[in-house]
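# Residue-level structure breakdown
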Amino acid sequence: QVQLVESGGGLVQAGGSLRLSCAASGLIFSRYYMGWFRQAPGKAREFVAAIRRSSGGTVYADSVKGRFTMFRDNAKNTVYLQMNNLKPEDTAVYYCAADPRVYGRENQGSEYDYWGQGTQVTVSS
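Every residue gets a number counted from 1 within its own chain, in the order that chain's sequence is written. Per-residue local features are limited, in this predicted model, to residues with pLDDT of at least 70; the limit for side-chain atom pairs, both in listing and counting, is 80 or more; totals at the level of whole chains, interfaces and linings are taken over all residues. The basis for every side-chain value is the complete set of heavy atoms in the structure, and neither hydrogens nor water enter the calculation.

### Comments concerning the overall build of the protein
Across its full length, the protein holds zero helices and 11 strands. Secondary structure elements of the protein, listed N to C terminal, follow the sequence β-β-β-β-β-β-β-β-β-β-β. For each residue, the accessible area found with a 1.4 Å probe, counting protein chains only, is set against the maximum for its type, and the residue is called buried under 20%, exposed over 50%, and partly exposed in between. Out of the 125 residues in the protein, the part that is buried amounts to 46%. The contact definition used throughout considers only heavy atoms, calling two residues in contact when any of these lie within 4.5 Å. Across the protein, every contact between residues at least 6 apart in sequence was considered, and the portion connecting residues at least 24 apart equals 59%. We get accessible surface area from the Shrake-Rupley algorithm with a probe of 1.4 Å; when it comes to residues, only the shown protein chains can shield them. Working note: accessible area of the protein is about 6200 Å², and carbon and sulfur atoms make up 44% of it. Charged side chains in the protein number 14 positive and 10 negative. The centres of these two groups are separated by 4 Å. Strands are runs of DSSP state E lasting at least two residues, helices are runs of H or I lasting at least four, and both sets are numbered from the N terminus onward. Charged residues are defined narrowly, with Lys and Arg counted positive, Asp and Glu counted negative, and His plus the chain ends left uncounted. The atom standing in for a charge is NZ when the residue is Lys, CZ when it is Arg, CG when it is Asp and CD when it is Glu.

As structure tokens, this is what we get:
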């Protein structure tokens, strides 16, 4: 079965950096769109970034543009989220998601079939 396992979360001061990883198994990774979403306490889940399966093109939420970079390594079945200049409002549980068919709807969590368990990111001020 499909499994997505996130790692790399932690506690960091504002202005710092973290790199999240999401290792996928049980699927032909190169055929899947991958997304990152986050959920802060008491808030709805929100889109962060997505990467397309063939072109590797990326899509970002306005709140993270210029600070976050998403990329994939198909040889390692892994997708990454490099987060720079972190802010306290980036504090959330970050989730990795996968689906083969979300083109044009990459920012809609409901379109993804597979999800990881999440990794906590905490940014202190």
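### With respect to the pattern of salt bridges
A pairing counts as a salt bridge when a side-chain nitrogen of Lys or Arg comes within 4 Å of a carboxyl oxygen of Asp or Glu. Following the criterion strictly, the structure yields seven salt bridges and no others. One salt bridge connects Asp-113 with Arg-101, and the closest N-O pair in it is separated by 3.3 Å. Within this pair, whereas Asp-113 is found in the loop between β9 (92-99) and β10 (114-115), its partner Arg-101 is found in the loop between β9 and β10, the two being separated by 12 residues in sequence. Since its relative accessible area comes to 53%, Arg-101 is described here as exposed. What emerges from the salt-bridge pattern is a single network uniting Arg-38, Glu-46, Arg-67 and Asp-90.

### Here we look at the state of the cysteines
What counts as a disulfide here is a pair of cysteine sulfur atoms lying within 2.5 Å. Per the stated rule, a full pass over the model turns up one disulfide. Bridging Cys-22 to Cys-96, the disulfide has an S-S length of 2.1 Å. Its S-S torsion of about -75 degrees marks the bond between Cys-22 and Cys-96 as left-handed, since a negative value means left-handed. Here Cys-22, found in strand β3 (residues 18-25), pairs with Cys-96, found in strand β9; they are 74 residues apart in sequence, far enough to count as distant.

### With respect to the environment of Asn-84
Locating Asn-84 in the fold gives a position in the loop between β8 (78-83) and β9. C-alpha of Asn-84 to C-alpha of Ala-98: the two residues are 14 residues apart in sequence and 23 Å apart in space. In this structure, Asn-84 is in contact with Gly-16, Ser-17, Arg-67 and Phe-68, ignoring residues within four places of it in sequence.

### Observations concerning the environment of Lys-43
Relative to the helices and strands, Lys-43 is located in the loop between β4 (33-39) and β5 (46-51). For Lys-43, a relative accessible area of 58% corresponds to the exposed category.

### Focus on the pairing of β8
With six of six residues buried, β8 lies mostly within the body of the structure. What you see with β8 is no split at all: Thr-78, Tyr-80 and Gln-82 on one side and Val-79, Leu-81 and Met-83 on the other are buried throughout. Two strands form a pair only when DSSP identifies at least two bridges running between them. Here strand β7 (residues 68-73) runs beside β8; their pairing, made up of six bridges, is antiparallel. Looking at the pairing, Arg-72 lines up with Val-79 of β8. In this structure, the hairpin formed by β7 and β8 is closed by a connection of four residues, where Asn-77 is found at a positive phi of approximately 55 degrees.

### Topic: the nonpolar core
Side chains that are nonpolar tend, in soluble globular proteins, to be buried together. Among buried residues, those of type Ala, Val, Leu, Ile, Met, Phe, Trp, Tyr and Cys that are joined through side-chain atoms within 4.5 Å constitute a nonpolar core. The biggest cluster of nonpolar side chains holds 38 residues, and the ones touching the most others in it are Met-34, Trp-36, Met-70, Val-79, Leu-81, Met-83 and Tyr-94. Put simply, the parts of the chain that give this core at least two residues each are β3, β4, β5, β7, β8, β9 and β11 (119-124). Ignoring anything within four residues of it in the chain, the contact list for Leu-81 reads Leu-18, Arg-19, Leu-20, Trp-36, Val-48, Ala-49, Phe-68, Thr-69, Met-70 and Tyr-94.

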